[in-house]
Structures are given as structure tokens and as C-alpha cells.
Amino acid sequence: MAAATPVNLHDILQAFEAWEAVAAEYKHLLQTTAALGADMNWTIMSELIDRMTDAREHWLDMSQRYCDEMAQRKTSDVK
């Protein structure tokens, strides 16, 4: 099995910004819908929630991988 590509802070930043972009889209939709006094389209809301969840999981996975890699390096340096 090939080793995974190391994660760097730029990768984490990109993943976080992807989550922020979806969250901003969701926030805008909520604000617009509330301002109009309308009900939210549940299909669109559900899709955005799924996209936010996926983006958040990716960002957190990248962050965890980075932490694990740094811990592994620190352990290797001590030996």
C-alpha cells in the first residue's frame, strides 16, 4: 500500500475555505428566505447541509492527519 501524501497547512486551509464557502451559501439562503418571510425549500436546505457536512468532515480529516503526521515526526525525532 502506498503511503498517503503528507498534509500541509495549505491543504488544511483550502479544505476549511471550501467549508466556509458552502456555509456562506447556506447563510445567505437563510437570510434571504427569512427576509422574504418565506419557508425554506427543504430539498435545497438538505443538499446544503449535506455539502457542509462533507466539507467539514474533509477539513477535520485533513487537520487530524496533519496532527498525526506531526506527532509521528516528533516521535521519530526522539528515537
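Remember, it's a predicted structure, so these values are computed and weren't measured experimentally.

Asks: Could you give an account of helix α1 (residues 9-36), naming the residues involved and the relevant values?
Replies: The terminal C-alpha atoms of α1 lie 40 Å apart, and with 28 residues this matches the ideal 40 Å at 1.5 Å per residue to within 8%. Inspection of α1 places Ile12, Ala15, Val22, Ala23, Tyr26 and Thr33 among the buried residues, and these make up the whole buried set. The opening residue of α1, the one whose side-chain oxygen lies 2.9 Å from the backbone nitrogen of His10, is Asn8. Following α1 by one or two positions, Gly37 adopts a phi angle in the positive range, close to 70 degrees.

Asks: Can you explain the packing of aromatic side chains? Please cite residues and give values.
Replies: Centre distance and the angle of the planes are the two values used to describe a pair of aromatic rings. Summed over the entire model, instances satisfying the criterion amount to three aromatic pairs. Pairing Phe16 with Trp59 gives two aromatic rings, centres 4.8 Å apart and planes at 65 degrees, and the pair type is edge-to-face. Within this pair, whereas Phe16 is found in helix α1, its partner Trp59 is found in helix α2 (residues 42-78), the two being separated by 43 residues in sequence. Relative to Trp59, the ring of Trp19 lies with its centre 5.8 Å away and its plane at 25 degrees, an arrangement referred to as stacked. Taken together, the residues Trp19 in helix α1 and Trp59 in helix α2 connect sequence positions 40 residues apart.

Asks: Can you lay out the pattern of salt bridges for me, pointing to particular residues and giving the numbers?
Replies: Here the structure, examined in full by the defined rule, presents three salt bridges. A salt bridge links Arg51 to Glu25; the nearest nitrogen and oxygen atoms lie 3.0 Å apart. Of this pair, Arg51 sits in helix α2 while Glu25 sits in helix α1, and the two are 26 residues apart along the sequence. By relative accessible area, Arg51 is classed as partly exposed at 32%. Here the residues in one salt-bridge network are Glu25, Glu47 and Arg51, joined through shared partners.

The rules behind the values
- Residues numbered from 1 in each chain as written.
- Predicted model: local features only at pLDDT ≥ 70, side-chain atom pairs only at ≥ 80, totals over all residues.
- Heavy atoms only, no water.
- Helix = DSSP H or I, 4+ residues; strand = E, 2+ residues; numbered from the N terminus.
- Expected span 1.5 Å × (residues − 1).
- Buried < 20%, exposed > 50% of the residue type's maximum accessible area, 1.4 Å probe, protein only.
- Polar contact = N/O pair within 3.5 Å; in protein donor to acceptor, adjacent residues only side chain to side chain.
- Phe/Tyr/Trp six-rings, centres within 6.5 Å; stacked < 30°, edge-to-face > 60°.
- Salt bridge = Lys/Arg side-chain N within 4 Å of Asp/Glu carboxyl O.

Keep in mind these values describe shape, not function.
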